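Structural description and commentary
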Amino acid sequence: MATGTNGARRAVSLLRPSRLDFGVCRSCQETIGRRNYASAATSESTTASTTPSSSAFPVVSPVYTINAGVVLSRPPQITRDLEPFEKAYFFYQKRLNERLALPFTKYFYFKRGTPLDEDWKKKIQARQTPARDIGKYNAYAQDAWNDELLLGAKESDPEYQVEQLVLDAESTANATSQDTSKKEEIPRPHPRVTEADKKGDQKSLNRLLPRTLYLLVQSKDGYWKLPSTPIQTQETLREAAERTLSQTAGVNMNTWMVGFHPAGHHVYNNRKPHADKVTGAESHGEKTFFMKSRIMAGQADLSASAEKLKDFKWLSKEEIPQFVTQQYYSYIKNMLADR
Amino acid sequence: MAAREPSRYLARGLPRTFVPSARSQAFLNRRNVSDEAPARRLSDQLEDLETASSLTTSVSESAASSFDPIARSKTRKTQLPRGRYQFRSPKYDRGPLHPHQPPAPSDPSSRLFVPGPFALPRAEQTYNSTVASDILTLCYVHTPPGFKPPPKAPRLREWDDSSPYHKNRPLRGPRGGDVLRLLRKPIKFNNIPKIERITLHSYVKEAAQDNSGWLHVAGIAVQAISNVRVETFKSKASVANWSLVPGRDTVAVKAELQGENMYHFLGKLIDVVLPRLKDWPGVKGSSGDSSGNITFGLEPEQMALFPEIEVNYDMYPPKMIPGCHITLHTTAKADKDARLLLSAMGIPFYGKIVQ
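Please read these numbers as outputs of a predicted model, since none were measured by experiment.

**A look at the UniProt feature "domain: Large ribosomal subunit protein uL5 C-terminal" (unreviewed entry) in chain B**
Here, UniProt's "domain: Large ribosomal subunit protein uL5 C-terminal" (unreviewed entry) annotation points to residues 251–349 of chain B. Secondary structure content for residues 251–349 of chain B is 34% helix and 23% strand, and the end C-alpha separation is 30 Å.

Here it is as structure tokens:
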């Protein structure tokens, strides 16, 4: 039995490329091609005596098509939504601060006898604390220990707090203005959920404001991908990426290319090598190197795209796996931001 | 048995030889830890942590509405003695063997406890979501496999032993001055420059000449815009024209901002104050202490643009509002990196950029 297995092992190892060593275990032999630093040094030292002309990195013909890709992203526009625990924690800390901090120095902020002072007196009577966003709570009273919110209370909600601040400013403006005939309107902040979110418009750049959005285009075959085109000769990766962006998504965008190095790559292997009809060169697939880019203004426009792209979408990281293949996503996911 | 074993090895081994390269197969077999990392939502992690959280458990409507802690405490016939629920930390440290030990500073009953944080500042979120990853991409330096950086001269020079007195002498500093610059390491994921702290410093020379009111106003103004208690400093220099005597006159206030206060201040500075400055070209491109800290100044009328001072501007004596120096301390080891970080955060620079 032992002789039989050993014989088969020896036969297999004889069929393997001869640069591999017998003394190396099988799992290491598989990865030895990509161990550049150590294996290059050792192989150089061993081959130097036998064949000095052969180098550690043999020049192979480029059998892959090299593409330049662009990860065009719109950074988050607003702060993220707080988790329920964070809301509760921040609110707890605010009330705790109210109990521990020095009292509010009213006379530094409100001159006696002014309308602002009268307004302040009314308000402090109502909410019992100078802070406007912690609800009704007296930090110096006997029952100041009762600082926890009951179930269903809205006080820890940021939307509620913003509304309270706006109402407070409005009532102050109304109480102190000379003209009592018309009511003051303090502008509310813009909603965090936009029209595009409600409509589910994935082409709009105004959607998902707390998230990073990425531009994905649909090729004429129906596949979704990040914009990419083959690199032409005598062209750097950065130039190719800029050309890709203008060719695929149009020139109606104000973009900024981040640095000169790719942030990620994607390798696609063909089932069988394709032979080019014109040159006859074999292609084993394509390798795409993605440059990072930010959009400042404008919108994608596919009408003049050279690749006859069908469609484009601005997607967050969570939405991208629905459109691209699993293999493609496994390559690109680590260069997409968490938020 | 023996007949079957070799065929298995052959069947497993043979196709490998006909694969074009070992590399493509190696990629297919490779497994990364990140492949199996779960989606990182804080809510999911919290659910894993504790299923019976007060945030998630459902309570019946009647139980929730009828719960009134104040009324419940009033129905108690005898109240708890104060010492049972209100712990007071000892005022003095009486050593580790004393039975009455102070609680940890993170305990709210500790005298050292500082409440907070109260919010997630926007500037911090911008840094984490956008700026940090962009800096990492911008500062990437590609070193091909097998690359060895050229050897550098030692930072401290040795004596050349031309004299017998050189023996056992300490090493010499670098040429052109004895300041040993910080070592700048390549920027990787674990040393992306970030803002460490901000110092507001205001020197009021009138505090020595006129009266202490100048210093009080300066302290209140700096405190108002920074939300940090200020420290005061006495003069070290002797200036006869300003009638300054070292060690006698208190002439400066300083506030050190860190964490949440720092990011709130930075947000206000970048989004509210700096855009409203008239004819302000930006921060000078040559500013910086060559180890990643950038300083610039604000004039008194520019200080008044902070919303905290604007809201009750009348309460400050207009002449006494101070100017201040703002130092942005970053973890960058060179001014070049600090400027990259600060301009990404939104602080403009002008003029010749000195690296």
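**Observations regarding the sheet that holds strand E5 (residues 293–298) of chain B**
Residues and elements named next belong to chain B. Taking strand neighbours across the sheet as the criterion, the five strands line up as E2-E3-E1-E6-E5 in an open arrangement whose pairing is antiparallel. Every interior strand has two partners, whereas the edge strands, strand E2 (231–234) and E5, have only one. The mean angle between the axes of side-by-side strands here comes to 25°, regardless of whether they run parallel or antiparallel. With respect to the sheet, helix H10 (residues 259–273) is in contact with strand E1 (195–203) and strand E3 (250–257), its orientation differing from that of E1 by roughly 70°.

**Notes on the pairing of strand E1 (residues 64–74) of chain A**
Residue and element names in this part refer to chain A. Of the strand pairs in this sheet, E1 and strand E7 (residues 282–298) are connected by ten bridges, and their pairing is parallel. Within the sheet, the bridge partner assigned to Val71 lies in E7 and is Lys292. In the sheet, E1 pairs with strand E4 (residues 228–230) via three bridges, with the strands oriented antiparallel. Among the inter-strand pairings, Asn67 is bridged to a residue of E4, identified as Pro230. Sheet analysis places E1 next to strand E2 (residues 213–218), joined by two bridges and oriented antiparallel.

**Comments concerning helix H9 (residues 237–249) of chain A**
All names here are of chain A. Here H9 is 13 residues long and its end C-alpha atoms lie 18 Å apart, about the 18 Å a rise of 1.5 Å per residue gives. Packed against the buried residues of H9 are E1, E2, E4, strand E5 (253–257), E7 and strand E8 (311–315). Positive backbone phi, at 85°, marks Gly250, one or two positions downstream of H9.

**Some thoughts on the confidence of the model for chain A**
Mean pLDDT over chain A: 85, with 82% of residues reaching 70 or higher. This model gives residues 1–5 of chain A a pLDDT under 50, and the stretch forms nine contacts once residues within four places in sequence are excluded.

**Some thoughts on unusual backbone geometry**
For the bond running from Gly116 of chain B to Pro117 of chain B, omega is -5°, close enough to zero to count as cis. Residue Lys308 of chain A is not a glycine yet carries a positive backbone phi of 55°. In this structure, Asp161 of chain B takes a positive phi of about 60° despite not being glycine. When you line up the elements, Asp161 of chain B lands in the loop between helix H7 (122–138) and E1. Given 10 C-beta atoms within a 10 Å radius, Asp161 of chain B is considered exposed.

Parameters at a glance
- Residues numbered from 1 in each chain as written.
- Chains lettered and ligands numbered in written order.
- Predicted model: local features only at pLDDT ≥ 70, side-chain atom pairs only at ≥ 80, totals over all residues.
- UniProt positions renumbered as here; feature names shortened; annotations may be inferred.
- Helix = DSSP H or I, 4+ residues; strand = E, 2+ residues; numbered from the N terminus.
- Pairing = 2+ DSSP bridges.
- Axes fitted to C-alpha atoms, helices over the stretch in contact; angles between N-to-C directions.
- Contact = placed C-beta atoms within 7 Å.
- Expected span 1.5 Å × (residues − 1).
- pLDDT = per-residue confidence, 0-100.
- Buried ≥ 20, exposed ≤ 12 C-beta atoms within 10 Å, placed from the backbone.

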